[in-house]
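Residue-level structure breakdown
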Amino acid sequence: MNPKTLKVITENCPQNHFCPSVLVCPVEALKQERYKAPTVDPEICIQCGKCTNFCPRKALVLV
Ligand code: SF4
């Protein structure tokens, strides 16, 4: 089991655009309400790290 968890650092996200990471998540664990920072469902997330490479602001991190 992967001990890491995906953390959304809301203050890094300008919250003014569609989040590209939502589309790269292979298990649809990320959700975005309007242009707000995305939220992650920890029950669905498999900690693959794809979204962390996609966010230019580093608002998604595996810790
Ligand atoms: S770490 Fe992978 S599974 Fe988890 S939210 Fe990001 S892209 Fe989706």
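Preceding this section is the structure that the text describes.
Residues numbered from 1 in each chain as written. Predicted model: local features only at pLDDT ≥ 70, side-chain atom pairs only at ≥ 80, totals over all residues.

**Topic: the overall build of the protein chain**
Counting secondary structure elements, the protein chain contains 2 helices and 4 strands. Overall, the protein chain shows an N-to-C arrangement of helices and strands of β-α-β-β-α-β. On C-alpha atoms alone, the protein chain measures out to a radius of gyration of 11 Å, which is about the 11 Å that the 2.2 N^0.38 rule sets for 63 residues. Dimensions of the protein chain, computed from the C-alpha atoms along their principal axes, are close to 35 × 20 × 15 Å. A buried classification covers 19% of the 63 residues belonging to the protein chain. Counted over contacts in the protein chain with a minimum sequence separation of 6, partners at least 24 positions apart contribute 54%. (Helix = DSSP H or I, 4+ residues; strand = E, 2+ residues; numbered from the N terminus. Rg over C-alpha atoms; globule rule 2.2 N^0.38 Å. Buried ≥ 20, exposed ≤ 12 C-beta atoms within 10 Å, placed from the backbone. Contact = placed C-beta atoms within 7 Å.)

**Observations concerning the site of the ligand**
Neighbouring residues of the ligand: 13 residues in total, closest C25, A29, C45, C48 and C51. Of the residues belonging to the shell around the ligand, the class tally is 10 nonpolar, 2 polar and 1 charged. (Near = placed C-beta within 6 Å. Nonpolar A, V, L, I, M, F, W, Y, C, P; charged D, E, K, R; others polar.)

**Thoughts on the environment of C25**
You can see C25 is positioned in the loop between α1 (21-24) and β2 (30-31). Sequence separation between C25 and C48 is 23 residues; the distance between their C-alpha atoms is 8.6 Å. Once residues lying within four places of it in the same chain are set aside, the contact partners of C25 are L30, K50 and C51.

**A word on the nonpolar core**
One finds L6, C13, C25, A29, L30, C51, C55, A59 and L60 forming the largest nonpolar core, which totals 9 residues. Those residues in contact with L30 that sit more than four places away from it in its chain are S21, V22, C25, P38, V40 and C51. (Core = buried A, V, L, I, M, F, W, Y, C linked by C-beta atoms within 7 Å.)

Limitation: the analysis is restricted to geometry and does not speak to function.
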